[in-house]
Amino acid sequence: GNSVTQMEGPVTLSEEAFLTINCTYTATGYPSLFWYVQYPGEGLQLLLKATKADDKGSNKGFEATYRKETTSFHLEKGSVQVSDSAVYFCALSDPYTGGGNKLTFGTGTQLKVEL
Amino acid sequence: EAQVTQNPRYLITVTGKKLTVTCSQNMNHEYMSWYRQDPGLGLRQIYYSMNVEVTDKGDVPEGYKVSRKEKRNFPLILESPSPNQTSLYFCATQTGVNTEAFFGQGTRLTVV
């Protein structure tokens, strides 16, 4: 079956540090890949997405590139801020399972950014 | 404003007492689903619905029921809740196949 593996947290960084959160996946076919962010007490919000190999998703200074050869979708940001503190989820959507809409999530990575 | 609205946000109940968590969307999306979020497990799909009167099981359907009588509503029903159903629940909607999901604010359920 499909699966998503992302790095364990929590990740603690100083403000303006470089961020990488690793994500690798296993899927049949050609999934779409997503990063969602969850701020404390809130639901998940889409951060960025990529629908095919070599696509780069970007939003709010975050980037991730769909790498089919390494089955990866690592999240990066050049300079984090305290306001980026949240839990980040990597996810995939496989058109061949769950009616084509089921999202398979990683376990989430908590990011804490300190001054 | 496009919204997915869940109620209640917090609920504490006792084992065996039937409860319903409501979910309503104003985005006219056909696809709706329920997920539960547990520490160390991420989010797992409980049930989904591709359209009115069309529902199917996700990965963890045991102990839950759903219905889709109208396009905008997709309630989650726990007929006889047990402590292992203590979790954070999210309703989500999507426009179509293989698309991003829009999530509600979540319902934190505690079963004692």
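The residue numbers shown here count from 1 along each chain, following its written sequence. Chain letters start at A and ligand numbers start at 1, both assigned in the order the entries are written. With the structure being a predicted model, the display of local features is reserved for residues of pLDDT at least 70 and the display and counting of side-chain atom pairs for 80 or more, all residues being used for whole-chain, interface and lining totals. By convention in this description, side-chain values take in all heavy atoms of the structure and omit both hydrogens and water.

Draft legend 1. Structural context of the overall build of chain A. Broken down by element type, chain A carries zero helices and 12 strands. In sequence order, the secondary structure elements of chain A are arranged as β-β-β-β-β-β-β-β-β-β-β-β. When we talk radius of gyration, it's over C-alpha atoms, and the globule rule is simply 2.2 Å times the number of residues to the 0.38. Taken over the C-alpha trace, chain A has a radius of gyration of 14 Å; the compact-globule value for 115 residues is 13 Å, and the two agree within 12%. Its C-alpha atoms put chain A at 45 × 30 × 20 Å along the principal axes. A 1.4 Å probe rolled over the protein chains alone gives each residue an accessible area, and that area as a share of the maximum for its type sets the label: buried under 20%, exposed over 50%, partly exposed in between. With 115 residues in all, chain A has 47% of them scored as buried. Throughout, a residue-residue contact means that at least one pair of heavy atoms, one from each residue, lies within 4.5 Å. A separation of at least 24 residues holds for 58% of the contacts in chain A among residues at least 6 apart in sequence. By element, 48% of the accessible surface of chain A is carried by carbon and sulfur atoms, the whole surface being about 5,200 Å². Seen as two clouds, the 9 positive and the 12 negative side-chain charges of chain A have centres 7 Å apart. For the purposes of this entry, the term helix denotes a DSSP run of H or I that reaches at least four residues, the term strand denotes a run of E that reaches at least two, and both are numbered from the N terminus. For accessible areas, the Shrake-Rupley method is used with a probe of radius 1.4 Å. Any residue's cover is judged against the shown protein chains and nothing else. In this tally, Asp and Glu contribute negative charge and Lys and Arg positive charge; neither His nor the terminal groups of the chain are included. Charge placement uses NZ in Lys and CZ in Arg. For Asp and Glu, CG and CD serve respectively.

Draft legend 2. View of the nonpolar core. Definition of nonpolar core: a set of buried residues of the types Ala, Val, Leu, Ile, Met, Phe, Trp, Tyr and Cys, connected through side-chain atoms within 4.5 Å. With 26 residues, the main nonpolar core has W35(A), L47(A), L48(A), F73(A), L75(A) and Y88(A) as its most contacted residues. Sorting the residues of this core by element identifies β2 (11-14), β3 (19-21), β4 (23-26), β5 (32-38), β6 (44-50), β8 (62-65), β10 (86-93) and β12 (109-114) of chain A as the ones contributing at least two each. The biggest single contributor to this core is β10(A), with four residues. Residues W34(B), Y64(B), L78(B) and V111(B) belong to the second largest nonpolar core, which totals 19 residues.

Draft legend 3. Seen up close, the interface of chain B and chain A. Contact residues are listed per partner, giving 24 residues for chain B and 24 residues for chain A. For the pair chain B and chain A, the two sides together bury roughly 1,800 Å², of which 48% comes from carbon and sulfur. Whenever a carboxyl oxygen of Asp or Glu lies within 4 Å of a side-chain nitrogen of Lys or Arg, that contact is scored as a salt bridge. The interface formed by chain B and chain A holds two salt bridges in total. In this structure, K102(A) engages D59(B) in a salt bridge whose closest nitrogen and oxygen atoms are separated by 2.8 Å. Polar contact criterion, stated in full: a pair of N or O atoms within 3.5 Å, where within protein one must be able to donate a hydrogen and the other to accept it, and residues adjacent in sequence count only if both atoms are side-chain atoms. Between the two partners, chain B and chain A, sit six residue pairs in polar contact (both at pLDDT 80 or more). Looking at the side of chain B that touches chain A, the elements with two or more residues in it are β4 (31-38), β5 (42-51), β9 (87-94) and β10 (101-103) of chain B. When the residues that make up the side of chain B that touches chain A are grouped by side-chain class, the tally is 11 nonpolar, 10 polar and three charged. The term buried area means the drop in 1.4 Å probe accessible area that two parts suffer when joined, counted for both and summed. Just so you know the grouping, Ala, Val, Leu, Ile, Met, Phe, Trp, Tyr, Cys and Pro go in nonpolar, Asp, Glu, Lys and Arg go in charged, and all remaining residues, Gly too, go in polar.

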